[in-house]
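# Descriptive analysis of the structure
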Amino acid sequence: MYQLPSIASEISRCRQLLHISQTRLAQIMNLKLHRLSDLEKARSVPSEAEALRIRRQLTQILREADWMKRSSTPVLAADPRLQSLRSRGFAS
């Protein structure tokens, strides 16, 4: 039976892939920094509903970051939405 990775490992993996701090990810996910830190360090266990929401957010964040990296062309580089994502640490 397949078991999902822990929320702690998923948060850590996402931050590593995006090269962002806990503070930045907390802002992006609209979480308090101490809550994200507790989840990432496995000091707290989320409810099933919260875990599902966090997994969906992390998946969406990684998907958007990947899309932005692949589709960043000179025309898109000037797009204010892309610039906003870059300033928030989503894209490079």
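Figured I'd write up the structure that's included with this text. (Residues numbered from 1 in each chain as written. Predicted model: local features only at pLDDT ≥ 70, side-chain atom pairs only at ≥ 80, totals over all residues. Heavy atoms only, no water.)

Our next topic: helix 1 (residues 7–18). Under the 1.5 Å per step criterion, the end-to-end length of helix 1 is 16 Å for twelve residues, consistent within 8% with the ideal 16 Å. Three or more residues of helix 1 are buried, namely I7, A8, E10, I11, C14 and L18. Backbone geometry just after helix 1 places H19 at a positive phi near 55 degrees. (Helix = DSSP H or I, 4+ residues; strand = E, 2+ residues; numbered from the N terminus. Expected span 1.5 Å × (residues − 1). Buried < 20%, exposed > 50% of the residue type's maximum accessible area, 1.4 Å probe, protein only.)

Next up on the list: the nonpolar core. The biggest cluster of nonpolar side chains holds 18 residues, and the ones touching the most others in it are I11, L25 and M29. Only helix 1, helix 2 (22–29), helix 3 (33–40) and helix 4 (48–70) provide two or more residues apiece to this core. Counting residues per element, this core draws most heavily on helix 4, which supplies six residues. (Core = buried A, V, L, I, M, F, W, Y, C linked by side-chain atoms within 4.5 Å.)

What follows covers the pattern of salt bridges. As enumerated under the stated definition, the model contains five salt bridges in all. As a salt-bridge pair, R55 and E10 come within 2.6 Å of each other at their nearest N and O atoms. Here R55 is found in helix 4, whereas its partner E10 is found in helix 1, with 45 residues between them in sequence. A residue is classified by how much of its surface remains accessible, and R55, at 18% relative accessible area, is buried. A relative accessible area of 17% means that E10 is categorised as buried. A salt bridge links R43 to D38; its shortest N-O distance comes to 3.1 Å. (Salt bridge = Lys/Arg side-chain N within 4 Å of Asp/Glu carboxyl O.)

Moving on, we get to the side chain of Q22. Locating Q22 in the fold gives a position in helix 2. There is a polar contact of 2.8 Å between the side chain of Q22 and the side chain of E40. Residues contacting Q22, with those up to four places away along its chain left out, are R15, L33, L36, S37 and E40. (Polar contact = N/O pair within 3.5 Å; in protein donor to acceptor, adjacent residues only side chain to side chain. Contact = heavy atoms within 4.5 Å.)

This part covers unusual backbone geometry. In terms of backbone geometry, most residues other than glycine have negative phi values and most peptide bonds are trans. Positive phi, normally seen in glycine, also occurs at H19, with a value near 55 degrees. Take H19: it is sitting in the loop between helix 1 and helix 2. Given the relative accessible area of 71%, H19 is considered exposed. For N30, which is not glycine, the phi dihedral falls at a positive 60 degrees. For N30, a relative accessible area of 71% gives the class exposed.

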